[in-house]
Amino acid sequence: EDSQGKLVSISHIVEGNDKAHYVQALANRLGISLSSVTVYSDSYLDLPVLEIAGRAVGVSPDKSLKRVCQANQWEII
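Peer 1: What's the story with a nonpolar patch on the surface in this structure? I'm lost.
Peer 2: Together, Leu-7, Ile-10 and Ile-13 make up an exposed nonpolar region whose accessible area comes to about 370 Å². Tracing the chain through its elements places Leu-7 in the segment before helix H1 (16–30).

Peer 1: What is the right way to read the pattern of salt bridges from this model?
Peer 2: Close approach of charged atoms lets side chains of opposite charge pair. Overall, the coordinates contain 2 salt bridges when judged by the stated rule. Note that Lys-19 is salt-bridged to Asp-46, the shortest N-O span being 2.9 Å. With a gap of 27 residues between them, Lys-19 in helix H1 and Asp-46 in the loop between strand E1 (38–41) and helix H2 (47–52) connect regions that are remote in the sequence. Here Asp-46 falls in the buried class, since its relative accessible area comes to 10%.

Peer 1: Where do I start with the pairing of E1 in this structure?
Peer 2: Across a regular strand the side chains alternate sides, sitting on one face of the sheet and then on the other. By the alternation rule, side chains of E1 split into Val-39 and Ser-41, which are all buried, and Thr-38 and Tyr-40, of which none is buried. Here 4 bridges tie E1 to strand E2 (residues 55–58), and the two strands are oriented parallel to one another. Bridging across to E2, Thr-38 finds its partner in Arg-55.

About the cut-offs
Residues numbered from 1 in each chain as written. Predicted model: local features only at pLDDT ≥ 70, side-chain atom pairs only at ≥ 80, totals over all residues. Heavy atoms only, no water. Patch = residues over 30% accessible without salt bridge, like charges linked within 9 Å, V, L, I, M, F, W, Y side chains within 5 Å. Areas by Shrake-Rupley, 256 points an atom, 1.4 Å probe, with all protein chains shown as cover. Salt bridge = Lys/Arg side-chain N within 4 Å of Asp/Glu carboxyl O. Helix = DSSP H or I, 4+ residues; strand = E, 2+ residues; numbered from the N terminus. Buried < 20%, exposed > 50% of the residue type's maximum accessible area, 1.4 Å probe, protein only. Pairing = 2+ DSSP bridges.

Have a look at this one:
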């Protein structure tokens, strides 16, 4: 952050398996079941987190994710 509290850089981007582990840990910490978690994504790179969620939704998904959404009958918006 700068002196006005505005973002000036991103130190780490959470992707793929890291995102799935983060969501799993957060659900555990909050005491909620992954079956009650909804994940929205536009990228096939998020497949690991989409697969652990109770509900997966493709949002203007890339070509690869669109195929996975259709194969798994996941909602596409």
